[in-house]
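Architecture at a glance
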Amino acid sequence: VFHADLSRLDDLPQGLDVQPLARALAENPEPLRFLLTRRAAEPRDAFAALNSALARDGALVRVAPGAQIHAPLHVVHLGASADSPVAWHARGFVEIGEGARLHIVEHHAAAGEHAHLANFACEYTLHKAARLDLLAVQDAAPGATLFRRSDFQLHEDAHVALHALEIGGALARHELRVAL
């Protein structure tokens, strides 16, 4: 779940909008309906179906057309210790407008040693001539199982540079799907 006390969303650069998915759904769910139901149509992917059914929060990131966001956006997913194993499911949506640019550091980290199941899915939409530089660092707890899926939709002349560092967890899987 989103923790406002650990986040800084009030001083974002002009053209960048970041909000917790749960808040966006509570305030204005209708524009998100298509995004939330699109993945459920893929019957062969059990983890995507679980994520569609069980995710309650995540990040919604939008970059206005033409905006050039130079400072990296740091998105942290923290697996915290618990008395027993925990399963969590989160969704992310990143939309970069035409001709816009964004740098993201996505960090999956652990606070303590524990065994949990993490199921994270993120959809990235890059409109015409948009650019995304994405650094994904996964350093989950030694007993964690982490299933991640990143779906990229690139429109004409869009460009994504992805650097992924997978160093933690007992079992980690990161599936990439790209539609040009």
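Residues numbered from 1 in each chain as written. Predicted model: local features only at pLDDT ≥ 70, side-chain atom pairs only at ≥ 80, totals over all residues. Heavy atoms only, no water.

**Regarding the pattern of salt bridges**
Counted by the stated rule, this structure contains eight salt bridges. Salt-bridge contacts for Arg62 lead to Glu95; the nearest nitrogen and oxygen are separated by 3.9 Å. Here the residue Arg62 occupies a position in strand E2 (residues 57-63), and Glu95 occupies one in strand E4 (residues 86-96), the gap between them amounting to 33 residues. Taking relative accessible area as the criterion, Glu95 reaches 33% and is therefore assigned partly exposed. Put simply, Glu106, Arg148 and Glu166 are held in one network by salt bridges that share partners. (Salt bridge = Lys/Arg side-chain N within 4 Å of Asp/Glu carboxyl O. Helix = DSSP H or I, 4+ residues; strand = E, 2+ residues; numbered from the N terminus. Buried < 20%, exposed > 50% of the residue type's maximum accessible area, 1.4 Å probe, protein only.)

**Observations concerning the nonpolar core**
Generally speaking, a soluble globular protein has its nonpolar side chains buried in company with each other. Of all hydrophobic cores here, the largest spans 25 residues; its most connected members are Ile96, Leu102, Tyr124 and Leu132. Of all elements in the fold, only strand E1 (16-20), E2, strand E3 (73-80), E4, strand E5 (101-111), strand E6 (116-126), strand E7 (131-139) and strand E8 (145-154) reach the threshold of two or more residues within this core. In this structure Leu102 touches Leu16, Val61, Val63, Ile69, Leu73, Val94, Ile96, Arg131, Leu132 and Asp133, once residues within four positions along its chain are discounted. (Core = buried A, V, L, I, M, F, W, Y, C linked by side-chain atoms within 4.5 Å. Contact = heavy atoms within 4.5 Å.)

**Some words on the packing of aromatic side chains**
Within a pair of aromatic rings, the relevant descriptors are the distance that separates the centres and the angle that separates the planes. For the coordinates displayed, the defined rule picks out two aromatic pairs. With a centroid separation of 3.9 Å and an interplanar angle of 20°, the aromatic rings of Phe47 and Phe147 are classed as stacked. Of this pair, Phe47 sits in helix H3 (residues 46-54) while Phe147 is found in strand E8, placing the two residues 100 residues apart along the sequence. For Phe47, a relative accessible area of 27% gives the class partly exposed. (Phe/Tyr/Trp six-rings, centres within 6.5 Å; stacked < 30°, edge-to-face > 60°.)

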